[in-house]
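# Architecture and fold: a report
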Amino acid sequence: MTRTDVRLRQSLGTIEIDVEGNDEWRKTSLSKTTKFDSRSIPDVKSLLDSYLDTKFLEIHTWDLRIAEQRKIGCALRQGIFGDAKVLLGTHLHIIPVLNPQDPKGNRELLDITCRVPWSLLTTENDEKSHFLALHPVRPTAISFDADPQTERRPDCYEIRLPSAPKLLLVMPEVKHENVETDTAAEAHRKSILEILEPYYKEVPTNIECVRTVEEFQAAFTDKNFPHDIIYFYGHGRSLDKGAIFEFEKDGKTGVPNWIQIDIIHEVISRAVTSSRRPPFVFFNACQGAAASQESALRTFAASASCVIAMRSVVWMDASRTLAEKVLKSVIIDGFAPPVAVREALRKMPLTWMRSGHWASIAIAVQYSEWTSLGMTKPIAEANDAVGDFPSRVDRSEPLAEIEKILQENLNSDPTGNGPSVILWAGSRDEMPTEFSERTRDVIIERFPGHRPLFYDVTLQQGVSPDATDDLEPQLYCGIYRAFVNELDIDVVRPIDVISAIQNISPGRKGILVVFHGPLSPAHVKLVSDYIALWGTICEGLGDDDMAPRIALAFGFEVDATGPMVPPAGSDAIFLGSVPPAEIKAHLSRYRHYYRGVSDKTLDDKTEKLATNSSGVFSKLVEQLRQLADFTS
């Protein structure tokens, strides 16, 4: 992943920008009175609040509201970057540069930085262009530093989560006279635990749940602290003198107990001072980032490595969905929080766009690099979200085969063209499920003129292969659900799938890539029927000049003692050993993370790893994790 740091500073009453970090500053139009599409910063927040008044909108109203958001984002981009063509990568990070001689100017700079609607930034100075954060091919994670200190906390330059991070769930269950204002905290907590508890099977005490202020304070004793992640869920408000959060009264009577954020932060701050381990704080409550000065986001940033908060009022169901996806992505999948939010938004329901809910998410980070230790799933990101980087050892030969298959399809006549079929197989030791991440990379990196879209279809679940009479409708339903991100769909016609593809198509240069797996040899017949079904879909798209090319990717886990018989007309790409040259290239790229690896020791370390692992992927990854001081 490419991270772009954009620095802002106050100079002679104006705010200047430096994108490349080379001290070439130029003026922007940002100020506390700046208007975006005739809306001031507080007006933008009010606009997002108003979007949430009605959940069900007429189509024309929906389009109008998205158009409003784009106008704001376009004006913001024009005001910051001007007409310059700036490549912002997949993580944009805004850094306020403080002037020790200008306290008043610093306060104004921080207020603007924390309250500007960065999420609405567009890819170009065009009101019809995509939002950076929601780009269909390369969405951008957007964050900013809400606590820029003259002397940075050394802990925050690199955050290394343990394999099962200590998680504190602060989820009051306050009951209100108007039941619609209840937060359904109990159901939300149950959903989170169902996702995470299997992962914490060996250390169940690493998850702690509290509901009252007294329980919250008790969680920060020497015995229990430090917590790596603190998740707040409930009601929040933004007042003139700061933000407040609603706890339960002691004794769990259900009576609300509103507590100021600075009091809550004081408990966390004392513990961080003692432990020197800044936590990730997710404040999932209304208006946590709305106040000009003492917002929850600004307050918690002084002690946290990262803070996620909301600028406006939020839908309960949307906030729950976001949190469940983000917590899983950070804890289990190894994503840094901004990237976890980016991935959650990538698959959000369409209703989120019309509400503007996605644009109220504010992310403040105070670290430069993030990794999670001991993860089982590889993350195809680097630098500030390296994740489980030992699993990034390349397997160039199968990737080259995949590139060849795609190249042949893209160079052929698109009329009536069937799908590209990419099928790889390997034993459990070769970890074929994880290989899909590298497949995504090669599509993006090797075909820069094309616009890929990635979707996942769980082919082997939710269908009954033995019921051949209705297998085809089941498969169509599975495809359609993935494209529209809706689960409550039972009847789908082929024309519905074709229409869905036409709606999401990025144009004639588009590549629609659908991933499936993990599969076993028992699913070969099912895959054959499924590929034939896609032939029908491609025929239906044949007359559409704007239809994308279709690529179907299948990952099979096979028994090392038995042969893999691929579906008729397809060849299986087998995942073999990792050659020493690839091990060396990997060690060189990540040498700053591996113990004892330098330019001088690179050859010796490579030879030792290649010999001890015999190039077997799982063994190699395990040894690399040990070399990185990961915990297993």
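Let us look at the structure shown here.

Rules behind the numbers
- Residues numbered from 1 in each chain as written.
- Predicted model: local features only at pLDDT ≥ 70, side-chain atom pairs only at ≥ 80, totals over all residues.
- Heavy atoms only, no water.
- Helix = DSSP H or I, 4+ residues; strand = E, 2+ residues; numbered from the N terminus.
- Contact = heavy atoms within 4.5 Å.
- Pairing = 2+ DSSP bridges.
- Salt bridge = Lys/Arg side-chain N within 4 Å of Asp/Glu carboxyl O.
- Core = buried A, V, L, I, M, F, W, Y, C linked by side-chain atoms within 4.5 Å.
- Buried < 20%, exposed > 50% of the residue type's maximum accessible area, 1.4 Å probe, protein only.
- Expected span 1.5 Å × (residues − 1).
- Arc of directions from axis to C-beta.
- Axes fitted to C-alpha atoms, helices over the stretch in contact; angles between N-to-C directions.
- Parallel < 35°, antiparallel > 145°, perpendicular 65-115°, else oblique.
- Left-handed = near helix turned anticlockwise from the far one by under 90°.
- Nonpolar A, V, L, I, M, F, W, Y, C, P; charged D, E, K, R; others polar.

### Quick look at the overall build of the protein
What the protein contains, in helices and strands, is 18 helices and 23 strands. Residue pairs at least 24 apart in sequence account for 74% of intrachain contacts in the protein once pairs closer than 6 positions are excluded.

### Quick notes on the sheet that holds strand β22 (residues 549–557)
Strands sit in the order β20-β21-β22-β19-β23 across an open sheet of five strands; the sheet is parallel. Each edge of the open sheet is held by one strand with a lone partner, namely β20 (451–456) and β23 (573–574). Where strand β19 (residues 420–426) meets β22, seven bridges bridge the pair, whose relative direction is parallel. When the bridges of β22 are listed, L423 appears paired with F554.

### A word on the pattern of salt bridges
Scanning the entire structure with this criterion turns up 15 salt bridges. Measuring nitrogen to oxygen at the nearest pair gives 2.8 Å for the salt bridge that ties R211 to E248. With a gap of 37 residues between them, R211 in the loop between β10 (207–210) and α5 (213–218) and E248 in strand β13 (residues 242–248) connect regions that are remote in the sequence. Notably, a salt bridge pairs R493 with D496, separated by 2.9 Å at the nearest N-O pair.

### Considerations on the nonpolar core
Side chains of a nonpolar character, in soluble globular proteins, are inclined to be buried together. In this structure, L30, W118, F216, F232, L297, F300 and W358 are the most contacted members of the largest nonpolar core, which totals 114 residues. Considering every element that reaches this core, the biggest residue donor is helix α8 (residues 316–331), with seven residues. What W358 contacts, discounting residues up to four positions off in sequence, is Q69, S119, L120, F131, A133, L134, L345, M348, W352 and M353.

### A few points about helix α17 (residues 602–613)
Here α17 is 12 residues long and its end C-alpha atoms lie 16 Å apart, about the 16 Å a rise of 1.5 Å per residue gives. Within α17, the full set of buried residues consists of L602, T606, L609, A610 and S613. Buried positions in α17, seen along its axis, are confined to an arc of 95° and lie on one side of it. In α17, those exposed residues whose orientation departs by more than 90 degrees from the buried face are D604, E607, K608 and T611. Contact partners of the buried residues in α17: α16 (580–589) and α18 (617–627).

### Points about the packing of helix α11 (residues 396–410) against helix α12 (residues 435–446)
Direction vectors running N to C along α11 and α12 enclose 50°, while the axes themselves pass 10 Å from each other. In terms of orientation, α11 and α12 fall into the oblique class. Regarding α11 and α12, the two cross each other, and that crossing is right-handed. Contact residues: α11 offers P398, L399, I402, E403 and L406, while α12 offers F435, R438, T439, V442, I443 and R446. Within the contact of α11 with α12, the residues separate by chemical class into seven nonpolar, one polar and three charged.

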